[in-house]
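For reference, the chains in residue letters:
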Amino acid sequence: MSIDLSEPLPAERSDTARVGGSAGAPVPAPSDRLLILEPGRAERNYWSDLWHYRELFAVLAWRDVAVRYKQTVIGIAWAVVRPLLTMIVFTIIFGRLAKLPSDGGVPYPVLVFAGMLPWFLFSSILSEASNSLVGNANLISKVYFPRLIVPASAGVVALVDVLINLVILFAIMAWYGFAPNWQIVFLPAFMVLAVLASLGPALFITALNVKYRDFRYIIPFLVQFGLYVSPVGFSSAVVPEAWRFWYSLNPVVGVIDGFRWCLLGGESQLYLPGFLVSLGVVAVFLWFGIHYFRRTERTFADLI
Amino acid sequence: MNDVVIRAEGLGKTYLIGHETERERYTALRDVIGRTAKSLLRSAGDMIRGRQLVAGDEVEEIWALKDVSFEIRRGEVVGIIGRNGAGKSTLLKILSRITEPSAGRVEIRGRVASLLEVGTGFHPELTGRENIYLNGAILGMTRAEIRRKFDEIVDFAGVEKFLDTPVKRYSSGMYVRLAFAVAAHLEPEILVVDEVLAVGDAEFQRKCLGKMGEVARGGRTVLFVSHNMGAVASLCQRAILLNRGTLHTQGDVSPVLSAYINRRESAAKLAGRQIDVAAELLKRELAGGDAVVIKFRVTLRGPLTEPRIGIGIDDDTGARIATLFSETSAPIPRIEHRNSLQLLIETEPVRIRPGMLSIKIALANCGQDIETYEHAIQVVVPDYSPFARPPYARPRGGVLLKSRMDIDEEAHQVFV
């Protein structure tokens, strides 16, 4: 550490002449916003604070997207290859070997891909988000911002991947000469539903992962397990009627059914009681996830 | 400009730490299994109750910060000093909302930007240009703000040529310069800075401190944690001294700095192989034109036939300002029978630039060095100079000279 003797003496500090540079720019008008920090104090303007940090959210999301395929050979093609291979495998296993029926006259690959879109959205948000806080530990322990931004921006990456996959789905549909009908206008709504469905459990697990790293090992297992439990490789219509309602307790079931309903042009029927149950479960998870995350986020910096 | 922007009352922060209990010398497999099962049960229990996991058998609660109260007014530049583990960083973390206090309360008026580390959130894969936007956003700048200052930032960092290179290819110096450049262009109402200046080469550090000075003079409220007493002395008006989590002293910067140095007094009780020296500064604060007075008590373990004492006075950069040798003043007589000697050394009056001085003491016998004590004593030279105020120019160098000036009226006439 060295100091130039040309440094101003302390007495010179009262100098009002601006030396130039940004630091010499006028001091921002004093804001009357009073911030009180107390143990256990609930943040009153949490949501407005979150809105205030929207630019940081955008930048972090952009960063995650930008670095995702850096220094890879095929780059963005990874977003295409993975679901495509999964679709082929599922079509062979469930469609050809197990000979499960498709919904109406939908070609089996289209059925699988339409189910895989929401599943990939769900599972990548879950896995990206749950590791996001731990992966950004240096940020958490050095800068303040609403912590919700980190898992949320990690989720944006998954959203981008899914949009790419959507294009592939349309290509596959064109290949089979399969056209969706007017119901496709609901796709954005179901997209939001898929994000909300994953955000609940994702936030809960993200918060837990900060404290107990066990969840880092639980997540991959959960994702693998969920792929077979959820109607990704098969239509949920193959589930016996008596079980259909209980099967819908898995929120992903409702999301996938919704996607198929709006993408597969009326060939796939929406089982309404089950869908409503899934919606309810999604809402409960979301409320609980946000609640738990908010309650614990003040201690993240100490635990991470 | 006298309103309080930060008011802290009885601030405290606890952390849980774990200890391992004493282990038996021989470990049997049975014990290991037993212990593992026990700790597994305990962590499972902790998890069910939602408690934090702490490694070790015993959990202790420590207060990193306890009962700290202070007020900071708008436009003040306050230094926070103290030894490692005194709670400085914890305090900054609470003030910048990274962590919440365990006790007490803080009221903050205005937007706080904290700079606890240079280059927080820099991503190695992204280019310099991208990282400027990323880091700026993380520090709380808006996109428009960053765009406006972009050229200035690049210019300050001096990395124009490498703007589109991923920062992982940067030299560490370039990396740090870019990171600091972004941080230096923050314009919050309250700026909280941890020791981020201890990076880069000497020239860049000077630039950083210059920038800090600008920020301070710009009328912003700044909280500055540093171990560099010189920087604190020259940048801050007030200081807060923390000691083991509690507030030791607060007030104007010089008394607080002196208090900090006093606490390190034990360092001046020096023990060597042949001699014990207790060095003490009689005048702890030097006013302008004061002499440096040092009292030595030397305890000898052997005779000194031709003793010599050398004293070096360094400024806060480590540069030598002055040297003093006993033989140029008065030779010290041969010491043989007595085993204790007290010396009073008083220099000529000097005007040293305000800041921190570090005094080095060397003892020699018959031209052979016996002991050298680096940083034996430290002394604050408070701001005394009436000349330093504007519109006068800033003094450079280590010594402020006073001179006599005679004006030749006749010679003056010639030029008119």
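Residues numbered from 1 in each chain as written. Chains lettered and ligands numbered in written order. Predicted model: local features only at pLDDT ≥ 70, side-chain atom pairs only at ≥ 80, totals over all residues. Heavy atoms only, no water.

Asks: Help me understand the overall build of chain A in this model?
Replies: Of regular secondary structure, chain A possesses twelve helices and one strand. Starting at the N terminus and ending at the C terminus, chain A contains elements arranged as β-α-α-α-α-α-α-α-α-α-α-α-α. Per-residue burial over chain A gives 52% buried out of 304 residues. Here the contacts in chain A between residues at least 6 apart in sequence split such that 80% fall between residues at least 24 apart. Summed over its atoms, the accessible surface of chain A is roughly 13600 Å², and 68% of this surface lies on carbon and sulfur atoms. (Helix = DSSP H or I, 4+ residues; strand = E, 2+ residues; numbered from the N terminus. Buried < 20%, exposed > 50% of the residue type's maximum accessible area, 1.4 Å probe, protein only. Contact = heavy atoms within 4.5 Å. Areas by Shrake-Rupley, 256 points an atom, 1.4 Å probe, with all protein chains shown as cover.)

Asks: Looking at this model, I keep getting lost on the pattern of salt bridges. Mind explaining?
Replies: Side chains that differ in charge, positive against negative, can pair when their charged atoms come close. All told, the structure shown has 18 salt bridges over all chains when counted by the stated rule. For B:Lys168, the salt bridge goes to B:Glu125, with nearest N and O atoms at 3.1 Å. Of this pair, B:Lys168 sits in the loop between α4 (143-157) and α5 (172-184) while B:Glu125 sits in the loop between β5 (112-115) and α3 (128-138), and the two are 43 residues apart along the sequence. A network of salt bridges, in which partner residues are shared, links A:Arg68, A:Arg82, A:Glu128 and A:Asp161. (Salt bridge = Lys/Arg side-chain N within 4 Å of Asp/Glu carboxyl O.)

Asks: I tried to follow the sheet that holds strand β2 (residues 58-73) of chain B on my own but got confused; where do I start?
Replies: Spatial ordering of the open sheet is given by β1(A)-β4(B)-β1(B)-β2(B), a layout of four strands whose pairing is antiparallel. Both outer strands of the open sheet, β1 (34-37) of chain A together with β2 of chain B, are each paired with one neighbouring strand and no more. On average, each strand axis in the sheet is inclined to that of its neighbour by 20 degrees, with strand direction left out of account. Pairing analysis gives twelve bridges linking strand β1 (residues 4-19) of chain B to β2(B), with the strands arranged antiparallel. Within β2(B), the residue paired with B:His19 across the bridge is B:Glu58. Across the sheet, helix α2 (residues 88-95) of chain B lies against β1 of chain A together with β1, β2 and β4 (103-109) of chain B, angled at about 120 degrees from β1(B), the strand it touches most. (Pairing = 2+ DSSP bridges. Axes fitted to C-alpha atoms, helices over the stretch in contact; angles between N-to-C directions.)

Asks: How should I be thinking about α2(B) in this particular structure?
Replies: One turn of an α-helix holds 3.6 residues; hence residues three or four places apart share an orientation. Residues and elements named next belong to chain B. Burial of α2 is extensive: six of the eight residues sit out of reach of the surface. Regarding α2, the residues found buried are Lys-88, Thr-90, Leu-91, Leu-92, Ile-94 and Leu-95. Backbone geometry just after α2 places Arg-97 at a positive phi near 70 degrees.

Asks: Looking at this structure, I do not really get the confidence of the model for chain B. What am I missing?
Replies: Caution applies to low-pLDDT parts of the model: their predicted coordinates are not meant to be read in detail. All names here are of chain B. Here chain B shows a mean pLDDT of 76. Residues at 70 or above account for 75%. Here residues 265-272 scores under 50 on pLDDT; set against residues more than four positions off or in separate chains, the count is 18 contacts. Low pLDDT, under 50, characterises residues 387-393; the predicted model gives this stretch ten contacts beyond four residues in sequence or across chains. Of the two predicted TM-score estimates for the complex, the pTM is 0.74 and the ipTM is 0.77. (pLDDT = per-residue confidence, 0-100.)

Asks: Mind showing me how you'd approach the packing of aromatic side chains here?
Replies: Any aromatic ring pair is given by two values, namely how distant the centres are and how the planes are angled relative to each other. Tallying each qualifying case throughout the model produces 20 aromatic pairs over all chains. Here the aromatic rings of B:Phe162 and B:Tyr170 are separated by 6.4 Å at their centres, their planes lie at 65 degrees, and the arrangement is edge-to-face. Aromatic rings pair up to connect A:Trp182, A:Phe186, A:Phe190, A:Trp261 and A:Phe275 into one cluster. Taking the ring centre of A:Trp51 as reference, the NZ or CZ of A:Arg54 above it sits at 4.3 Å. (Phe/Tyr/Trp six-rings, centres within 6.5 Å; stacked < 30°, edge-to-face > 60°. Lys NZ or Arg CZ within 6 Å of the ring centre and 35° of its normal.)

Asks: For this particular structure, what's the right way to read the environment of B:Glu187?
Replies: Examined against the element boundaries, B:Glu187 turns out to sit in the loop between α5 and β6 (190-193). Sequence spacing of B:Glu187 and B:Ala231 is 44 residues, and the spatial spacing of their C-alpha atoms is 21 Å.

Asks: Hey, could you run me through the side chain of A:Glu297 in this one?
Replies: All names here are of chain A. For Glu-297, the position within the fold is in the loop between α11 (272-296) and α12 (300-303). Of the side chains bearing the opposite charge, Arg-147 lies closest to the buried Glu-297, which forms no salt bridge; the N-O distance is 5.4 Å. Not counting chain neighbours up to four residues away, the residues in contact with Glu-297 comprise Tyr-46, Pro-146, Arg-147 and Leu-148. (Lys, Arg positive; Asp, Glu negative; His and termini not counted.)

Asks: It is not clear to me how the sheet that holds strand β3 (residues 77-81) of chain B should be interpreted in this structure. Could you clarify?
Replies: As a general point, the strands of a sheet are linked pairwise by backbone hydrogen bonds and lie either parallel or antiparallel. All names here are of chain B. If you trace the six strands from one edge of the open sheet to the other, you get β5-β6-β7-β3-β8-β9, paired in mixed fashion. Only two strands of the sheet have a single partner each, and these edge strands are β5 and β9 (246-252). Direction aside, the axes of adjacent strands within the sheet are offset by 15 degrees on average. In terms of strand pairing, β6 meets strand β7 (residues 221-225) through four bridges, oriented parallel. The residue of β7 that forms the bridge with Ile-190 is Thr-221.

Asks: Help me out: how do you make sense of unusual backbone geometry in this one?
Replies: Trans is the common state for peptide bonds, and a negative phi is the common state for residues other than glycine. With a phi angle near 50 degrees, A:Lys99 is a residue other than glycine that sits in the positive phi range. Along the polypeptide, A:Lys99 turns up in the loop between α3 (78-97) and α4 (108-135).

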